[in-house]
Amino acid sequence: MRVPSTQFGSGRPEAATAEKAGQRREQRGWYFYDWAVSVYSSSVLTVFLGPYLTTVAKAAADAEGFVHPLGIPVRAGSFFAYAVSASLLLSVLAMPAAGALADRTGRKKPLLGGCAYTGAAATTAMFFLGGDRYLLGGALLIIANVSFVVAMMLYNSYLPQIADPDERDAVSSRGWAFGYTASALTLIADLALYAGHDAVGISAGTAARICLATAGLWWGAFALIPLRRLRDRPAAGGTRGTAGDVAPGQGWRQLRATLRDVRRRPLTLSFLLAYLVYNDGIQTVITQASVFGSEELGLDQTTLIVSTLLVQVVAAAGALLMGRLARTYGAHRTVLGSLVAWTLTIATAYFLPTRTPEWFFVLAGTIGLVLGGSQALSRSLFSHLIPRGKEAEYFSAYAMSDRGVSWLGPLVFGVAYQVTGSYRDAIVSLVAFFAIGFVLLARVPMRRAIAAAGNPVPDRI
């Protein structure tokens, strides 16, 4: 919590001015963590790692196309999806513990730095994923993704501390803008390297591994800026504890307390359940689209990079467009409309012809139009359903649903491919997440839900 200037022993204007300047400095540092980490999400998870790790797993597969991690037969084409699912399950275990440690000790920045550099190191080590080292790839993916998810939770929790209530929307938006910009710039560089790998005398696989490793180096290098500018605050009660002050299981007890409170507000819970379902579909599309494009449609890595770059650019415009639609029709109806668009888009993906990049670009552009807006408006809707004074704990549950509980979609995707051997069947299985999410969200009476949370009901919702 930001300490009021009167607690410094004076209410002098110069003290308030100095405090505001310090707050602005922290905000600028905070933006740069999004700049640092968004490259992992776009270049590693979305573009390169899925197709490359699938290729490595296939190189290690037996005659029937299976690999055997821990003695379990797994179709090589499902290995990446299963690894993503495992990393998100582990994130569910890690986030409450990290949250309790940060709250009790007041030492959030060292935790953020530890997670950031663990993730950056694991990502940089992906350069060594040659030959048939699929187990190394799976282990590095799990370490990097758990670190990424926990670090993002800690990063987001800084927002109420560095921004006053009336400026949080603007500060948060600038952070997203920094992330989109960094993703676009690095994807352009990745495209240049990958498309021109012959000219510089390296193989396509080596180019992919360089792109993976440089994402880790980028993450680690630019994480220095927020870690220099952000500062720790005393823990609750004005003290600064140590890790030993946190009782085992404290994170889970806090999470259970929050969930019990949410259960007393069934309409808020109904919205959160709907979001859990359709957001799981969104996160799975983000992580598995490149595997679908490369393995099922026969598209090369250059096409996948360009399509991801297209998503980054269109997503910003799509968020603005959906924001305008929300002002006219209400955010609830606009999100429902976006889920219809998601359902139709993913269903259409089943019928895409192979080796036709132009149709994959159309698919990417359509996803970009609904991607940013559906997530931004969902967060806005949820903010109306939180009782005053409980914003932090409710948004921690929301953050877990956003990242930590998005494991079912990759699991369904992997099982569908495991059973059918078809990525078309795997991708179309995700339609259920958007269709069920639409039904659940449509059943939430938003005006009654907002009133039940004790908040004023907007004219248009």
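Scroll up a little and you will see the structure.
Residues numbered from 1 in each chain as written. Predicted model: local features only at pLDDT ≥ 70, side-chain atom pairs only at ≥ 80, totals over all residues. Heavy atoms only, no water.

A.B. asks: Outline the packing of helix α11 (residues 331-349) against helix α16 (residues 431-442), listing residues and values.
C.D. replies: Helix packing for two helices is described by the angle between their axes and how far apart those axes are. Relative orientation of the contacting elements α11 and α16 amounts to 160 degrees, with a least axis distance of 9 Å. Between α11 and α16, the interaxial angle falls into the category roughly antiparallel. In terms of crossing hand, the pair formed by α11 and α16 is left-handed. Of α16, the residues touching α11 (which contributes His332, Val335, Leu336, Leu339, Val340, Trp342, Thr343, Ile346 and Ala347) are Val431, Phe434, Ala435, Gly437, Phe438, Leu441 and Ala442. (Axes fitted to C-alpha atoms, helices over the stretch in contact; angles between N-to-C directions. Helix = DSSP H or I, 4+ residues; strand = E, 2+ residues; numbered from the N terminus. Parallel < 35°, antiparallel > 145°, perpendicular 65-115°, else oblique. Left-handed = near helix turned anticlockwise from the far one by under 90°. Contact = heavy atoms within 4.5 Å.)

A.B. asks: Give a detailed account of the layout of surface pockets, specifying residues and quantitative values.
C.D. replies: One way to see where empty space is left: roll a probe the size of a water molecule over the atoms. If you add up the space inside the second largest pocket, you get close to 360 Å³. Among the elements of the structure, α2 (79-105) and α4 (134-156) are those that each provide at least two residues to the lining of the second largest pocket. Classifying every residue of the lining of the second largest pocket by side-chain character gives 12 nonpolar, one polar and no charged. (1 Å grid on protein atoms, 1.4 Å probe; cavity = no way out; pocket = protein on both sides within 12 Å on 5 of 7 lines; lining within 4 Å. Points joined across faces, edges and corners; volume = space filled by probe spheres on them. Nonpolar A, V, L, I, M, F, W, Y, C, P; charged D, E, K, R; others polar.)

A.B. asks: Describe in detail the pattern of salt bridges, supporting the description with residues and values.
C.D. replies: Scanning the model with the defined rule gives three salt bridges in all. For the salt bridge of Glu26 with Arg231, the shortest nitrogen-to-oxygen distance reads 3.4 Å. Highlighted residues: Glu26 in helix α1 (residues 13-60) and Arg231 in the loop between α7 (204-229) and α8 (250-263), separated in sequence by 205 residues. Accessibility expressed as a relative area gives 3% for Glu26, which makes it buried. Using a relative accessible area of 41% as the deciding quantity, one classes Arg231 as partly exposed. The residue Lys58 makes a salt bridge to Glu295 at a minimum N-O spacing of 2.4 Å. Linking Lys58 in helix α1 with Glu295 in helix α9 (residues 266-296), this pair joins segments that are 237 residues apart in sequence. Accessibility expressed as a relative area gives 38% for Lys58, which makes it partly exposed. (Salt bridge = Lys/Arg side-chain N within 4 Å of Asp/Glu carboxyl O. Buried < 20%, exposed > 50% of the residue type's maximum accessible area, 1.4 Å probe, protein only.)

A.B. asks: Would you mind going over the packing of helix α3 (residues 108-124) against α4 in detail, with residue names and values included?
C.D. replies: Relative to each other, α3 and α4 sit at 150 degrees, their axes nearing to 8 Å. The angle between α3 and α4 places the two elements in the roughly antiparallel class. Pair α3 / α4 crosses with left-handed handedness. For the pair formed by α3 and α4, the contact residues are Lys108, Leu111, Leu112, Cys115, Ala116, Thr118, Gly119, Ala122 and Thr123 on the first element and Leu140, Ile143, Ala144, Ser147, Val150, Ala151, Leu154 and Tyr155 on the second. Considered class by class, the residues forming the contact of α3 with α4 number 12 nonpolar, four polar and one charged.

A.B. asks: Could you give an account of the nonpolar core, with specific residues and numbers?
C.D. replies: One finds Tyr33, Phe271 and Trp342 to be the most contacted residues of the largest nonpolar core, which totals 122 residues. If near-sequence neighbours (up to four positions away) are discounted, Trp342 is found in contact with Ile282, Val285, Ile367, Val370, Leu371, Ser374 and Phe434. (Core = buried A, V, L, I, M, F, W, Y, C linked by side-chain atoms within 4.5 Å.)

A.B. asks: Can you break down the packing of aromatic side chains residue by residue, with the values?
C.D. replies: Tallied over the entire structure, the rule returns 21 aromatic pairs. For the pair Trp342 and Phe434, a centre-to-centre distance of 5.0 Å together with 5 degrees between the ring planes defines the contact as stacked. Of this pair, Trp342 sits in helix α11 while Phe434 sits in helix α16, placing them 92 residues apart in sequence. Like Phe434, Trp342 is buried. (Phe/Tyr/Trp six-rings, centres within 6.5 Å; stacked < 30°, edge-to-face > 60°.)

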